[in-house]
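Observations on chain architecture
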Amino acid sequence: MIDISNPSTLAWVMLPAMLFLSILFLLRPRKGGYGSPPMISSTVKIPIFGPCVEFGRSPMKMVKRCYDDYGPVFTVPILNQRLTFLVGPQAQEPFFKLSDETLSQQEVYGFMKPVFGPGVVYDATRKKRQVQFQSMANGLRVSRLKGYVSKIERETTVFLKEWGDSGEIDLLKALSDLTILTASRCLHGDDVRENLYREVSKLYHDLDQGVTPLTVFLPNAPTKAHARRNAARKEMVSLFSKVIQARRENKNAGGDGTDILSIFMDLKYKDGTPVTNEEVTGLLIALLFAGQHTSCITSTWTSLFIMKNPDIVKRVVKEQSAVLGGDAASIMLDYDKVNNMELLDNCMREALRLCPPLILLMRKAMKDFKVNSKDTSYIVPKGDMVLVSPSVAMRIPEVFQEPEKYDPDRYAKGREEHKTPFSYLGFGGGMHSCMGQNFAFVQVKTILSILFREFELEMVSDTMPEQDFEAMVVGPKGDCRVRYKRRKQTA
């Protein structure tokens, strides 16, 4: 029996209890103040840790439940951090319209610095970041996209020849390989694609695998994945430094000069300082990260959804003949033809609505700001993490009719359900919308145009794969195998 009358014994008993209570005090949810959004209660009845457990089990189910229970604006307490969610077009408006001075990306995505490198994107000053983004936008403008179509077409045609006349293939893996080939051709240039593709692909793989859920919280934790990531970035800088030097010594070394590496090489900041080779490499990595997963996942989902709907397959093939005319299989693609494939465009758009690769978009509130939601206004306090969930927002029945149904015609003239501002978030929205979305549409539509013209395709499985919500970028989880048979060409 413990003798609590002894002061020494009492101290040893009280110390752990006080330490435990102090930890609970530090972890308690921070209050939001007057007019702040409602704080949710978790279905997991564990004090303080309940919301963490529920959110960890299934973020999307929790966000949907809270939307149903609390409305479009609510706050989830994760230990001492407040996560405020905005769901629906009206509530999401400030998320996409406010500047970085109020809602900042930099504080949220700083964990990508070890991948992109110092002074690049989220680690750059605001002025430098603006110049970097503008150079990316220049590389993805329409005049450049027109030159990329033939490059993507050539890569796709060569890639699909290796399939033979019939067989079975894992579509996710195949399209992952193909999208990085086409991206390398357009972003890095002919010299890198022809001579260094295998090295770049392997290094990219190590960089990609070096971004894990742990990275978000501890980006420099001493793990094997982080060690390989750091080594890969160092080697990538060395590799592209040699490419840049070779191009500067021989202006014709990079091919036709339309790749984005050519733009980055000549980049100068507003004070006249030239971009470093390390920064050029970081910008290339950032673009590849932004596009590779998104295009691969989107092309896979779009293909599977089309295959799952035989009537849509017929319409897609018919559209190819209508747009290309004559023997569609032998017609060369160009930007205008790809742009006129409205049904294929809508099929891709609808796949992104149902299965967006990024299920959560985040900012940090640097100032208090106001959110309107139906007939109520809230003040989101400074310090909150502010989140939008495209997965939940794009399945609201008040915005999208029969939201669980794959229906590409919802974007056609006369319906245009996506026209409500900030309702469709396939590529984000507002001032931070994805600047590569036009490239993504060109890349994916070019690949799928050739794929569905050349092959009859069917899924091996009777059911669609699930979404892999455990992944950093959410793709298909399950059987993505398809059977293919080359179409007979007309004489």
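Refer to the structure above for everything that follows.
From a predicted model like this one, the values you see are computed outputs, not experimental measurements. (Residues numbered from 1 in each chain as written. Predicted model: local features only at pLDDT ≥ 70, side-chain atom pairs only at ≥ 80, totals over all residues. Heavy atoms only, no water.)

Let's talk about the overall build of the chain
Short version of the rule: Runs of H or I in DSSP of at least four residues are treated as helices and runs of E of at least two as strands, each being numbered from the N terminus. The atom set for the radius of gyration is the C-alpha atoms, and the globule formula is 2.2 Å times the number of residues raised to the power 0.38. Contacts between residues were defined by any pair of non-hydrogen atoms, one from each residue, lying within 4.5 Å. Note on areas: Shrake-Rupley with a 1.4 Å probe; residue coverage comes only from the protein chains shown. For this count, His and the chain ends are skipped, Lys and Arg are scored as positive, and Asp and Glu as negative. By convention, charge coordinates are those of NZ in Lys, CZ in Arg, CG in Asp, or CD in Glu.
Broken down by element type, the chain carries 19 helices and twelve strands. Radius of gyration (C-alpha) of the chain: 25 Å, near the 23 Å computed for a compact globule of 491 residues. Projecting the C-alpha coordinates of the chain onto the three principal axes gives extents of approximately 100 × 55 × 45 Å. In the chain, once contacts between residues fewer than 6 apart in sequence are set aside, the share between residues at least 24 apart is 71%. For the chain, the accessible surface area stands at approximately 23700 Å², while carbon and sulfur atoms represent 55% of it. Mean positive and mean negative side-chain charge positions of the chain (65 and 56 charges, respectively) differ by 4 Å.

A look at helix α6 (residues 126-139)
Owing to its 3.6 residues per turn, the α-helix aligns residues three or four sequence positions apart on the same side. The criterion, for reference: What a helix should span is 1.5 Å times the count of its residues minus one. Each residue's exposure class comes from its accessible area (1.4 Å probe, protein chains only) as a fraction of the maximum for that residue type: buried when under 20%, exposed when over 50%, partly exposed otherwise. Regarding the arc, it is the one traced by the directions from the helix axis to the C-beta atoms.
The terminal C-alpha atoms of α6, which comprises 14 residues, lie 20 Å apart, in line with the 20 Å expected from a rise of 1.5 Å per residue. Among the residues making up α6, those that are buried are R129, V131, Q132, S135, M136 and G139. Down the axis of α6, the buried set is contained in an arc of 160°. They therefore lie on one face. At its buried positions, α6 is contacted by α7 (142-161), α13 (260-265) and α14 (277-308).

A word on the pairing of strand β7 (residues 376-380)
It is a general feature of regular strands that their side chains alternate between the two faces of the sheet. Let me state the cut-off plainly: Paired strands, in this sense, are two strands between which DSSP finds at least two bridges.
Relative to β7, strand β6 (residues 369-373) runs antiparallel, the two being bridged by five bridges. Counted as the bridge partner of S373 is T376 from β7. In this antiparallel pair of consecutive strands, β6 and β7, the connection spans two residues, and K374 shows a positive phi of 55°.

Here's the deal with the side chain of K445
Along the chain, the position of K445 falls in helix α19 (residues 437-454). With residues up to four places along the chain from it excluded, the contact list for K445 reads V338, N339, M341, L344, D345, M348 and A440.

Observations concerning unusual backbone geometry
Within the chain, E416 stands out as a residue other than glycine whose phi angle is a positive 45°. Relative to the helices and strands, E416 resides in the loop between α18 (390-393) and α19. One non-glycine residue, F422, adopts positive backbone phi at about 65°. Tracing the backbone through its elements, the reader meets F422 in the loop between α18 and α19. You can call F422 buried: its relative accessible area is 19%.

Brief notes about the pattern of salt bridges
Opposite charge on two side chains makes pairing possible when the charged atoms of those side chains draw close. To be explicit about the condition: When a carboxyl oxygen of Asp or Glu lies within 4 Å of a side-chain nitrogen of Lys or Arg, that pair is called a salt bridge.
Under the criterion given, the structure shown has 33 salt bridges. Here R486 and D165 are joined by a salt bridge, their closest N and O atoms 3.4 Å apart. Highlighted residues: R486 in strand β12 (residues 481-486) and D165 in the loop between α7 and β4 (166-170), separated in sequence by 321 residues. Take R486: its relative accessible area is 22%, and that puts it in the partly exposed class. When its relative accessible area of 55% is taken as the criterion, D165 is described as exposed. When the shortest N-O distance is used, the salt bridge between R247 and D191 registers 2.8 Å.

As for the sheet that holds β12
We count it as follows: Note on geometry: axes are C-alpha line fits, over the in-contact stretch for helices, and angles between N-to-C directions span 0 to 180 degrees.
Sheet architecture is open: three strands sit in the order β4-β12-β9, paired in antiparallel fashion. With one partner strand each, in any of the chains shown, β4 and β9 (455-459) form the two edges of the open sheet. In this sheet, adjacent strand axes meet at a mean angle of 25° when their direction is disregarded. The sheet contact formed by β4 and β12 spans five bridges and is antiparallel. Pairing of I169 across the sheet is with V482, part of β12. Contacts between α19 and the sheet are confined to β9 and β12, with β9 contributing the most and set at about 95° to the helix.

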